[in-house]
Amino acid sequence: HAVILISAFVNVTTAVDAPPAATESEFGQACHAAKMWMDAQHADPATLVEPYLNLMQRPETRDPGNFNTPWAELTAGQQAGVIMAATSASKGECG
């Protein structure tokens with residue numbers, strides 16, 4: 001069976017005009033959380049960045065992937081850090 005993903009993530013933020021701001025520990029935890037989620041999806045990680053970011057940007061989500069803080073409460077730098085961690089996870093670049 002082939003799974004076809006149609007992007008329904010119209011309102012997903014995939015870039016922020018700010019440098020990533022996260023401690024090494026926060027970034028490591030966020031990257032690891034993203035990788036764990038991506039691994040559990042059994043799909044090409046490159047296709048999972050937007051679905052993962054959609055999950056992290058939901059108002060109710062408090063997860064190591066978004067520094068345990070709702071997206072709207074993160075600074076632009078922290079949002080950039082979440083995006084960078086998700087992108088790094090999709091490329092297998094978590095430390």
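In this report, the structure presented in the accompanying data block is examined. (Residues numbered from 1 in each chain as written. Predicted model: local features only at pLDDT ≥ 70, side-chain atom pairs only at ≥ 80, totals over all residues. Heavy atoms only, no water.)

1. Looking at the side chain of Ser88
Assignment of secondary structure puts Ser88 in helix H3 (residues 76-90). Discounting chain neighbours no more than four positions away, the residues touching Ser88 are Phe27, Cys31, Glu93 and Cys94. (Helix = DSSP H or I, 4+ residues; strand = E, 2+ residues; numbered from the N terminus. Contact = heavy atoms within 4.5 Å.)

2. Section: the environment of Ala72
Within the secondary structure, Ala72 sits in the loop between helix H2 (49-56) and H3. For Ala72 and Arg58, which are 14 residues apart along the polypeptide, the C-alpha to C-alpha distance reads 9.0 Å.

3. Here we look at the packing of aromatic side chains
Counting across every chain of the model gives 1 aromatic pair. An angle of 50° between the planes, with centres 5.4 Å apart, marks the rings of Trp37 and Tyr52 as tilted. In this pair, Trp37 is assigned in helix H1 (residues 24-41) and Tyr52 in helix H2, connecting sequence segments 15 residues apart. (Phe/Tyr/Trp six-rings, centres within 6.5 Å; stacked < 30°, edge-to-face > 60°.)

4. A few points about the side chain of Gln57
With respect to the helices and strands, the residue Gln57 is situated in the loop between H2 and H3. Its relative accessible area of 15% is what places Gln57 among the buried residues. Only 2.8 Å separates the side chain of Gln57 from the backbone oxygen of Thr13, close enough to count as a polar contact. The residues touching Gln57, leaving out its near neighbours within four places in the chain, are Asn11, Val12, Thr13 and Trp71. (Buried < 20%, exposed > 50% of the residue type's maximum accessible area, 1.4 Å probe, protein only. Polar contact = N/O pair within 3.5 Å; in protein donor to acceptor, adjacent residues only side chain to side chain.)

These figures come from the coordinates and say nothing about function on their own.
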